[in-house]
Amino acid sequence: MLHGQKNPNEEDSSSFITPAYGGRYTREPIPKYLIPEEGLPPKVAYNLIRDELILDGNSRLNLATFVTTWMEDEARQLMSETFDKNMIDKDEYPQTAEIELRCTNMLAQLWNSPSEENSVGCSTIGSSEAAMLGGMALKWNWRKRREAQGKPADKPNMVMGINVQVCWEKFCRYWEIEPRFVPMEGDRFCLTAEEAVKLVDENTIGVVVIMGSTFDGRYENVKEVNDALVKLNAETGWDVPIHVDAASGGFVAPFLQPDLEWDFRLPLVKSINTSGHKFGLVYPGVGWVLWRSREELPEELIFHCNYLGGDLPNFALNFSRPGNQVVAQYFNFLRLGHEGYREIHQTSQDVALYLSSGIAELGPFDLISDGSDIPVFAFTTNEKANFSVFDISSKVRERGWLVPAYTFPKNREDLAVLRCVCKEGFTRDMADMLLGDLQHAIDYFAQRPDHEPQTGGSSFHH
Ligand SMILES: *Cc1c(COP(=O)(O)O)cnc(C)c1O
């Protein structure tokens with residue numbers, strides 16, 4: 001959100017915080033939108049801000065977010081001990097840089113990289129930055145291929161489902177690439193190979209395939225897209241590659257669906273991004289992007305700067321960034337191992353399947369997905385309901401639950417759903433409480449036969 005400028009008004013009490021601890025520590029009202037003339041003792045500032053933040057939603061009841069809301073005490077301690085590490089200062093903090101390298105190697109192995117050498121990839125602030133880097137490499141490689149053939153390279157396009165996360169729309173707009181979206185149709189809420197291939201041409205820099213759609217948690221079929229493109233490339237002489245947006249699935253599929261081929265096992269998968277702060281179980285923000293091999297990452301995109309000492313290759317959109325999230329990612333790898341990740345995600349999936357089947361049994365809801373890919377599912381209302389998904393979202397909010405309601409994109413704008421992301425920390429007990437509160441909501445509307453279902457509202461949470 002961009003914040004407009006506030007004009008603080010001396011008379012207007014909404015421009016001041018009147019401290020609850022005023023009697024004890026300070027009597028002066030503190031301006032909200034201006035830097036105060038004098039500072040505060042640390043304890044007063046701490047209490048004041050902590051109290052304000054109580055008004056935020058309770059992150060443990062937040063079923064909207066994909067992002068980690070709980071880490072172990074040791075992880076928190078390690079993170080607070082390493083707040084001062086700047087990820088970019090690789091020469092000053094070589095051990096933090098070494099830890100990043102260990103993490104990318106671990107991910108390369110997790111995603112079946114064929115590369116014999118060190119992995120090719122880096123940490124980022126999240127999947128959005130990782131997607132930008134992956135997309136840029138696709139664009140540069142495409143342009144090189146076109147120039148080598150003496151063909152124009154001024155009309156790049158990218159093919160993806162309309163269900164992509166907003167970062168891909170941003171990528172296309174910021175880097176001036178025509179986005180070609182495959183719309184939804186009937187019960188098809190994802191990209192399919194058949195539809196993707198129809199939109200691909202010689203100017204397609206790549207096809208983005210999603211492992212864990214933001215809208216309903218489903219995996220798109222990377223293997224089918226790969227096979228269709230192998231065939232198309234052979235017929236046409238093109239070289240259209242795949243980038244997999246595995247923001248969620250990159251940390252789920254290797255543990256819960258190890259036999260599913262979606263990663264570097266498929267020859268056209270050239271790069272993959274994931275969010276360490278989603279099912280990588282780290283607090284925000286850390287993401288990762290890996291390339292299949294050195295050749296897929298154009299040298300021109302890498303900057304070598306020497307003013308931190310040493311010659312350090314760098315591919316990133318920003319410069320300074322906390323190093324402690326990378327440290328926390330490494331903590332999780334060591335602490336959990338394959339087994340730990342598998343057990344945690346299996347538990348979340350069991351809860352998701354339990355909750356989705358419980359919701360299906362309530363009567364007025366139909367499932368759009370059930371949480372069997374990533375532990376995320378969406379559901380909608382059926383003809384037995386005299387309320388909308390928006391009514392339900394507001395009703396359960398009264399009990400503290402954050403369950404987002406939103407409409408689907410083109411061509412299913414008629415479909416509105418609720419979505420639950422089941423993460424570590426969301427227990428079966430809590431699922432039972434939510435089922436109870438959903439039943440209360442149904443009863444509440446049943447007693448109001450004249451209720452006009454609330455429509456629209458754009459509470460879509462990516
Ligand atoms: C969350 C998400 C993103 C954006 O990830 P951030 O880490 O929040 O930047 C991109 N794609 C998909 C599929 C996502 O679920």
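Residues numbered from 1 in each chain as written. Predicted model: local features only at pLDDT ≥ 70, side-chain atom pairs only at ≥ 80, totals over all residues. Heavy atoms only, no water.

A. Representation of the sheet that holds strand E6 (residues 204-210) in the model. The sheet built from seven strands is open, its strands ordered E3-E9-E8-E7-E6-E4-E5 with mixed pairing. This sheet does not close on itself; its edge strands, each paired only once, are strand E3 (120-124) and strand E5 (178-182). Here the strands of the sheet are splayed against their neighbours by 20° on average, with no regard to which way each runs. Sheet strands touched by helix H7 (residues 222-236): E6, strand E7 (242-245) and strand E8 (269-275). Its angle to E7, the strand with the most contacts, is close to 170°. (Pairing = 2+ DSSP bridges. Helix = DSSP H or I, 4+ residues; strand = E, 2+ residues; numbered from the N terminus. Axes fitted to C-alpha atoms, helices over the stretch in contact; angles between N-to-C directions. Contact = heavy atoms within 4.5 Å.)

B. Local environment of the domain arrangement of the chain. Domain annotation of the chain identifies domain 1 (13-56) and domain 2 (77-332). Each of domain 1 and domain 2 was reduced to a C-alpha centroid, and the two centroids are 43 Å apart. (Domains from an automatic or database assignment.)

C. Representation of the sheet that holds strand E12 (residues 365-367). Strand order in the open sheet made by the four strands is E12-E13-E15-E14, with antiparallel pairing throughout. Pairing within the sheet leaves two strands with one partner each, and these edge strands are E12 and strand E14 (405-407). When the angles between neighbouring strand axes are averaged without regard to direction, this sheet yields 40°. Across four bridges, strand E13 (residues 376-381) lies against strand E15 (residues 416-421) in antiparallel orientation. Bridging across to E15, Val376 finds its partner in Val421. Contacting E12, E13, E14 and E15, helix H10 (residues 389-397) runs over the sheet at an angle of about 40° to E15.

D. Just the packing of helix H3 (residues 94-110) against helix H9 (residues 324-362), in detail. One way to put it is that H3 packs onto H9 with a least axis distance of 9 Å and a crossing angle of 45°. Compared by their axis directions, H3 and H9 come out oblique. The two elements H3 and H9 meet at a crossing, and its hand is left-handed. Here H3 contributes Thr96, Ile99, Glu100, Arg102, Cys103, Met106, Leu107 and Leu110 to the contact with H9, which in turn contributes Val326, Val327, Gln329, Tyr330, Phe333 and His338. (Parallel < 35°, antiparallel > 145°, perpendicular 65-115°, else oblique. Left-handed = near helix turned anticlockwise from the far one by under 90°.)

E. Expanded view of the site of the ligand. Taken together, 13 residues surround the ligand, and among them Ser127, Ser128, Asp245, His277 and Lys278 come closest. Contact between the ligand and Ser127: an oxygen atom at 2.7 Å from a main-chain N or O atom of the residue. At 2.8 Å from an oxygen atom of the ligand is found a side-chain nitrogen or oxygen belonging to Ser275. Taking 380 Å² as the accessible area of the ligand by itself, protein coverage stands at 90%. The class makeup of the residues in the shell around the ligand is three nonpolar, eight polar and two charged. (Near = heavy atom within 4 Å. Polar contact = N/O pair within 3.5 Å; in protein donor to acceptor, adjacent residues only side chain to side chain. Areas by Shrake-Rupley, 256 points an atom, 1.4 Å probe, with all protein chains shown as cover. Nonpolar A, V, L, I, M, F, W, Y, C, P; charged D, E, K, R; others polar.)

F. Geometry of the pairing of E13. Counting buried positions along E13 gives five out of six residues, so the element sits mostly inside the fold. Where E12 lies against E13, three bridges are found, and the strand directions are antiparallel. Each residue of the ladder has a partner; that of Asp366, found in E13, is Thr380. (Buried < 20%, exposed > 50% of the residue type's maximum accessible area, 1.4 Å probe, protein only.)

G. Representation of the pattern of salt bridges. All told, the structure shown has 16 salt bridges when counted by the stated rule. With a closest N to O distance of 3.6 Å, Asp51 and Arg50 form a salt bridge. You can call Asp51 partly exposed: its relative accessible area is 26%. Between Glu98 and Arg102 there is a salt bridge; the shortest N-O distance is 2.8 Å. Here the residue Glu98 and the residue Arg102 both occupy positions in helix H3, the gap between them amounting to four residues, near one helical turn. Assessed through its relative accessible area of 31%, Arg102 is described here as partly exposed. Taken together, the salt bridges that share partners define one network made up of Glu178, Arg180 and Asp201. (Salt bridge = Lys/Arg side-chain N within 4 Å of Asp/Glu carboxyl O.)

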